[in-house]
Amino acid sequence: MSRLSVHRIRYAFRILLIPALLGGIIIDSPVQSQDAPSRGNQAFSPEASAKQFELHPDLKIELVACEPQVIDPVASAFDESGRLWVVEMRDYPLGPAEGMPPQCRIQVLRDRDGDGFFEHATTFAEQLVFPTGVQPWLDGVIVTLAGRVVFMKDTDGDDVCDLQEPWFEGFEQENTQLRANHPALMVNNRIHISNGLRGGQVSSLDPRWKPVAGQTAPISLAGKDFAFDAFEGSFEAIPGNGQFGFSEDDFGNIFLCTNRNPCKHVALDSSIIESDPWLTPNDAIHDAVTAGEDSRVYSIAQAWTTSNLHAGQFTAACGVHVFGGTALPASMVNNSFTCEPTGYLVQRQVMTPTGFSFSAKRGRDEVEFLASRDMWFRPVNLNSGPDGALYVVDMYRAVIEHPQFVPEELKNRPDQRWGSDCGRIWRITAKSDDQRAAEAMPIATFRRTDVQQFVAELNHPNRWHRQTSQRLILEELQKNAEPFIDPLKRLAQHADQPGARTRSLWLLNAIMHRNETDSNLRSEIAKLQAQVAEQDADARVRRVAAELLYQSAGAEPALLASLMRSDDAVLQAIAWRQSVTSAKQEIAVPQAVLKQAASDRLMRAYLMVPGQPERCIQGMILNQVLKQSGQFSDTEVKTLAFELARRVGYYGSQGEVATLFEKMPADALGMQIVQGLYEGMGRSRRSWTEFVTKDGQLLPGLAAIMNHARSAVLDGAIPVSDRLDAMSIVRLDRSPETESLLIKVFESDAPTAIRSSAVEGLASLGDKDFADRILSDPGRFPPALLRTGVTSLLRRPEWTQRLLDALEAKSITPAAIDVSQTNRLRNHSDKAIAARSAKLLSSLSADRQAIIDRYRQAMSEEGDSHAGKLIFIKQCAACHVVQGVGNVVGPDISDSRTKTHEQLLVSILNPNAAIDANYFRFTVVTVDGQVQDGLLVEETASAITLKQAEGKLTTINREDIEQARTTSVSLMPEGFEQQIDPKQMRDLIAYIKNWRYLSGMIPGVASRD
């Protein structure tokens, strides 16, 4: 088929009801197709692009909308009348040209002939500044754009906005990829806004909204998302911090994503986070799907990532969607789907509830749910529709990376705007008709006057219907709640869909908190919440009911006791926390909760109830743990006991702490408890000495643990981690006995980590000979130990002066001082020290400077990357890897996106200027006179191991070592200029900078290639 005219495109791609007209646009999988041919700056037509898809074999993909009706789409949503709202970011990435108006807009699409292809488009709003999302609301839409949340509406029925109401402002506008987005009505009847990572200081522009109690305007969104009551009331910062994406299931579980995190679950709410001094908003988040360097994506086309170190991983995760429709196989319901536009794919993960959160596994091993060979396919968002299908928003661009995040040479790449006149939306459904249990909803389904139908739609098997019905009912409740009360009460108890029961509970909760609701009705709703919490067949519904009951009226002790005997550990934890915060007596933690808390940080968070007058809840729990310690693994019991002890140290009275010392064992578990107590007292600014001594002597329990710790520190037979734990306890005691022990460890052959802890302890004690111990012969220390010693010398001005004396005397080299230490010296509060540091640390020999200057002249011309590759293989591959060639010995030099040609030149010719101590040359002289040098990669009490050129590992027994020293110079020696001339250097650096561009995938970047 030849490229179609605009008119013919509208009809040749019609789908759903008339498959014969598709002309190949319905794509079943697997697809038999060839690799996409090179096409320069020409887009594939939608039908040509569709042939490049590979999709899950049980599914098919169909075109829903395309250019010219849709251009550069980034978000979409269906409303109750079947209209498809599309947000277009048409001047991505840098905005309009100078002097030109913004080009972004919102389109309203209609499928007038019912064939599934949206052939009619009206521009609802235009000349917008980077809009990012829409939420249908009150016959209009809530829109996020330009640092604001704005309500837009068409009041005369022509699909064109003629009313705009700004509601909130103050969201950061730093970058088009990092702005507030995805306004969405949540199950709890509030509107959620993902903050875009950069946060902001948000205020209301409408008097209907005030900050929630405890927060003041403007509200800081640092590390948090935003939420406000749907009609009027409060707004607040909430746990979240999503970049570009939002999804929610029927039980209030929120899912977000960031570039490297494809599916983050918001597992804890604000009340849990704010009630504990050790929890931060980030602790509310759990990566339900493997993230960062552990994530894997499998492109079927050549994928390019800004950092080659991130190749094959999520680097631009967006549009996360937890599916709840009916047009995919039932096994895909509640799966997470995430876009990865840099890999031209959508990944599916099967999620399994685990405690307060979820675990996940790939839908298919090493194969993506949807992938394309068309390298302009850019899926950026996902959503579900009235028909139960999954919809994919395809921005369709040659380049998706924002210039702010790419190397300098790519900021003005010529293909940056290719595809800026294109855009597609695709529908994915099951091949078999019986999977499509819910067809497109007739417009008449949602009639404003039909209360029974509204409520019935809450029980629809398709989540889109449940969400839409909830919204419409919520809108109607503002006018007259009476007709909905009894139907919602029945649905909350008897609906087939668990999601219908939870949404009914939340809608009843909205009625309960209306000012005009009388006390009798409130009491009835509270009673219903209690019945559901105790009797519902689904634990997820019972949890929602219990939380609502706690928020509204509080549960009776008998009910909470019953819930703590349920078969669901999460519900038990919810009930226990409610009980213990309201009861006057101590209540044991249910055994299932305690067991899970030992290995689950989210469950542990529920145990960290704030201190009560004259009692510390965690002290009671810790006693319970000590009595049952045999039921946990060593790691579990230590972790749980440590966290509980921190709260005892923070909240507990002196008597409670003393009682605990009488009960704790003098072993590894006891050491963990002591460390926790110490940290807790430090956080609360209490006197450790006052709590742990009596008549000038350590409490007997602590004295016994201290003796155990001293023995453990010196015991080479136990694991290093246990010895480090013991060292932490020893360092709590500041007696001469402790100082003697630390000196002994420091001078021993103990592993570096233990000796480093001893160095830190001696520095803390103010050892009068500390500077001499470090500086008398710094070369005898392993690199990591020397780094610790230098850092400790910076703690006191007099020690810092001694360090500078050593630099001046050349008994220690500037290379021994890492970048962070150098910065501290150059910016020292003592101006004299800062000035002296700058002079001593910036010295470069005249000969070395002359060599750099001579080679710098050659850098003014462009190098030959292909010639540079041959030089790299010959001269550098023994210790470095680029493009899969070489050996991993020295630091990774392949990711050179942040390095300039000048920086690379100086690093090569002056390798000792600024190096990581991990790459210091370590030299060993054996008793028979042999010399070995390399990187120190491992040391034990009996041997050390060096990594040498070509990745060779050499292990040397300590009994064979006469001398071992850190040289404080790079493993890469000076004098590289003797191996290559200036032109060869220019070619080598060209290769290091440009090797990723040699494929020609990015036009106009690497020269002579």
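Residues numbered from 1 in each chain as written. Predicted model: local features only at pLDDT ≥ 70, side-chain atom pairs only at ≥ 80, totals over all residues. Heavy atoms only, no water.

**Quick word on the overall build of the protein**
Helix and strand counts for the protein come out as 31 helices and 39 strands. Here the C-alpha atoms of the protein give a radius of gyration of 33 Å, agreeing with the 30 Å that 2.2 N^0.38 yields for 1009 residues. Considered along the principal axes of its C-alpha atoms, the protein spans approximately 90 × 80 × 50 Å. Counting every position in the protein, which comprises 1009 residues, the buried fraction comes to 57%. Summing over all exposed atoms, the protein offers an accessible surface of approximately 41300 Å²; the carbon and sulfur share of this is 48%. Seen as two clouds, the 105 positive and the 127 negative side-chain charges of the protein have centres 1 Å apart. (Helix = DSSP H or I, 4+ residues; strand = E, 2+ residues; numbered from the N terminus. Rg over C-alpha atoms; globule rule 2.2 N^0.38 Å. Buried < 20%, exposed > 50% of the residue type's maximum accessible area, 1.4 Å probe, protein only. Areas by Shrake-Rupley, 256 points an atom, 1.4 Å probe, with all protein chains shown as cover. Lys, Arg positive; Asp, Glu negative; His and termini not counted. Charge placed at Lys NZ, Arg CZ, Asp CG, Glu CD.)

**A word on unusual backbone geometry**
For the bond running from Glu67 to Pro68, omega is 5°, close enough to zero to count as cis. Mapped onto the elements, Pro68 comes out in the loop between strand 3 (59-66) and strand 4 (73-78). The residue after Tyr92, namely Pro93, is reached through a cis peptide bond having omega 10°. Along the chain, Pro93 falls in the loop between strand 5 (84-88) and strand 6 (104-110). Unusually for a residue other than glycine, Asp159 sits at a positive phi of about 65°. Since its relative accessible area comes to 6%, Asp159 is described here as buried. Residue Lys810 is not a glycine yet carries a positive backbone phi of 65°. Its place among the elements puts Lys810 in the loop between helix 25 (797-808) and helix 26 (819-826).

**Overview of helix 15 (residues 634-651)**
Note: α-helices contain 3.6 residues per turn, so residues at a spacing of three or four share the same orientation. Taking 1.5 Å of rise per residue, the 18 residues of helix 15 would be expected to cover 26 Å, and the 26 Å separating its terminal C-alpha atoms lies within 8% of that figure. Counting buried positions along helix 15 gives 13 out of 18 residues, so the element sits mostly inside the fold. (Expected span 1.5 Å × (residues − 1).)

**Describing helix 21 (residues 736-746)**
All of the buried residues along helix 21 are Thr738, Leu741, Leu742, Val745 and Phe746. Take helix 21 and look down its axis: the buried residues cluster within an arc of 135°, on one side only. Opposite the packed face of helix 21, turned more than 90 degrees from it, sit the exposed residues Pro736 and Lys744. Contacts from the buried residues of helix 21 go to helix 19 (700-713), helix 20 (720-730), helix 22 (752-765), helix 23 (770-775) and helix 24 (783-793). (Arc of directions from axis to C-beta. Contact = heavy atoms within 4.5 Å.)

**Comments concerning the sheet that holds strand 35 (residues 920-926)**
Strand pairing in a sheet relies on backbone hydrogen bonds. The paired strands run either parallel or antiparallel. The sheet built from five strands is open, its strands ordered 38-37-36-35-39 with antiparallel pairing. The open sheet has two edge strands with one neighbour each: strand 38 (953-957) and strand 39 (961-970). Looking at each pair of strands side by side, their axes are set apart by 45° on average, direction ignored. Relative to strand 39, strand 35 runs antiparallel, the two being bridged by six bridges. (Pairing = 2+ DSSP bridges. Axes fitted to C-alpha atoms, helices over the stretch in contact; angles between N-to-C directions.)

**What about the packing of aromatic side chains?**
Throughout the structure, instances matching the rule amount to 30 aromatic pairs. When the ring of Phe53 is compared with that of Trp426, the centres are 5.0 Å apart and the planes differ by 90°; the resulting orientation is edge-to-face. Taken together, the positions of Phe53 in strand 2 (residues 53-55) and Trp426 in strand 30 (residues 424-430) put the pair 373 residues apart, joining distant regions of the chain. For Phe53, a relative accessible area of 0% puts it in the buried group. (Phe/Tyr/Trp six-rings, centres within 6.5 Å; stacked < 30°, edge-to-face > 60°.)

**Focus on the state of the cysteines**
Here is the idea: a disulfide is a covalent bond, and it sits between the sulfur atoms of two cysteines. Considering all chains together, one arrives at zero disulfides under this definition. Between Cys879, a free cysteine, and Cys876, which holds the nearest cysteine sulfur, the sulfur-to-sulfur gap is 9.1 Å. (Disulfide = S-S within 2.5 Å.)

**Some thoughts on the environment of Gly199**
Mapping Gly199 onto the fold places it in the loop between strand 13 (190-194) and strand 14 (200-204). In sequence terms Gly199 and Leu178 are 21 residues apart; their C-alpha atoms lie 8.9 Å from each other. Beyond its immediate sequence surroundings of up to four residues, Gly199 is in contact with Gly170, Phe171, Glu172 and Leu221.

**Digging into the sheet that holds strand 11 (residues 163-171)**
As summarised here, the arrangement of the six strands in space is 8-9-10-11-14-16, forming an open sheet in which the pairing is antiparallel. Since the sheet does not close on itself, it has two edges, and those belong to strand 8 (131-137) and strand 16 (219-220), each with one partner. Here strand 14 pairs with strand 16 via two bridges, running antiparallel. When the sheet's bridge partners are listed, Val202 is paired in strand 16 with Ile219.

**A few points about the side chain of Arg773**
Secondary-structure assignment places Arg773 in helix 23. Residue classification places Arg773 among the buried positions, given a relative accessible area of 16%. Within polar-contact distance, the side chain of Arg773 engages the side chain of Asp767 at 2.5 Å. Contact partners of Arg773, with chain neighbours within four places excluded, come to Ile743, Phe746, Leu762, Asp767, Arg780 and Phe781. (Polar contact = N/O pair within 3.5 Å; in protein donor to acceptor, adjacent residues only side chain to side chain.)

**Focus on the nonpolar core**
With 165 residues, the main nonpolar core has Phe168, Phe228, Trp576, Ile621, Phe661 and Ile673 as its most contacted residues. No other element matches helix 11 (residues 569-582), which puts eight residues into this core. Ignoring any residue separated from it by four or fewer positions in sequence, one finds Trp576 in contact with Met564, Ile587, Ala588, Val589, Pro590, Tyr606, Leu607, Val609, Ile617, Met620 and Ile621. (Core = buried A, V, L, I, M, F, W, Y, C linked by side-chain atoms within 4.5 Å.)

**Focus on the packing of helix 5 (residues 463-477) against helix 7 (residues 498-512)**
Contact geometry of helix 5 with helix 7 gives a least axis separation of 11 Å together with a crossing angle of 15°. The angle between helix 5 and helix 7 places the two elements in the roughly parallel class. Here helix 5 and helix 7 pass one another in a crossing that is right-handed. Contacts from Arg463, Arg466, Gln467, Gln470, Ile473, Leu474 and Leu477 of helix 5 reach helix 7 at Gly499, Ala500, Arg503, Leu507, Ala510 and Ile511. (Parallel < 35°, antiparallel > 145°, perpendicular 65-115°, else oblique. Left-handed = near helix turned anticlockwise from the far one by under 90°.)

**Examining the confidence of the model for the protein**
Confidence in the prediction for the protein averages 89 pLDDT; 93% of positions are at 70 or higher. Every residue in residues 1-27 scores below 50 in pLDDT, and together they form 65 contacts with partners more than four places removed in sequence or on other chains. Low confidence marks residues 29-37, where pLDDT is under 50. Its contacts with residues over four positions away, or in another chain, come to 22 contacts. (pLDDT = per-residue confidence, 0-100.)

**Remarks on the side chain of Arg378**
Structurally, Arg378 can be placed in the loop between strand 27 (370-372) and strand 28 (379-384). Here Arg378 occupies a buried position and makes no salt bridge, while the nearest side chain of opposite charge, Glu401, is found at 5.0 Å. Of the polar contacts made by the side chain of Arg378, one reaches the backbone oxygen of Arg397; its length is 3.0 Å. (Salt bridge = Lys/Arg side-chain N within 4 Å of Asp/Glu carboxyl O.)

**As for the pairing of strand 8**
Of all seven residues that make up strand 8, seven are buried, and the element is covered over most of its length. Two elements, strand 8 and strand 9 (residues 140-145), share six bridges in a ladder whose sense is antiparallel. The residue bridging Pro131 from the neighbouring strand is Leu145, located in strand 9. Turn length for the strand 8-strand 9 hairpin, with the two strands adjacent in sequence and antiparallel, is two residues, and the turn residue Leu138 shows positive phi of about 50°.

**What to know about the pattern of salt bridges**
For the structure on display, the rule yields 53 salt bridges. Between Asp250 and Arg463 there is a salt bridge, with its nearest N and O atoms 3.2 Å apart. Pair noted here: Asp250 is in the loop between strand 19 (247-248) and strand 20 (254-258) and Arg463 is in helix 5, with a separation of 213 residues, a long-range link. For Arg463, a relative accessible area of 5% puts it in the buried group. Linking Arg501 and Asp536 is a salt bridge whose minimum nitrogen-to-oxygen distance equals 2.7 Å. Of this pair, Arg501 sits in helix 7 while Asp536 sits in the loop between helix 8 (519-535) and helix 9 (539-552), and the two are 35 residues apart along the sequence. Each of the two residues, Arg501 as well as Asp536, counts as buried.

**Concerning the packing of helix 24 against helix 25**
Closest axis-to-axis distance for the helix 24/helix 25 pair is 8 Å, and the angle between their directions is 125°. By the criterion of interaxial angle, the relationship of helix 24 to helix 25 is oblique. Where helix 24 approaches helix 25, its residues Val790, Ser792 and Leu793 are matched on the opposing element by Trp799, Thr800 and Leu803. Here the contact of helix 24 with helix 25 is built from residues that sort into four nonpolar, two polar and no charged. (Nonpolar A, V, L, I, M, F, W, Y, C, P; charged D, E, K, R; others polar.)

**Brief notes about the pairing of strand 38**
On strand 38, burial follows the alternation: Thr954 and Ile956 on one face are buried, whereas Leu953, Thr955 and Asn957 on the facing-out side are not. Taken together, the five bridges between strand 37 (residues 943-947) and strand 38 define a ladder with antiparallel strand orientation. Residue pairing for strand 38: Ala943 is matched across the bridge by Asn957. Taking the residues that link successive antiparallel strands as the turn, the strand 37-strand 38 hairpin has five residues, and the phi of Glu950 there is positive, at about 65°.

**Description of the environment of Ile908**
As for its position among the elements, Ile908 is in helix 30 (residues 901-909). Classification of Ile908 by relative accessible area gives buried; the value is 10%. Those residues in contact with Ile908, other than ones at most four positions away along the chain, are Met972, Phe976, Met985, Leu988 and Ile989.

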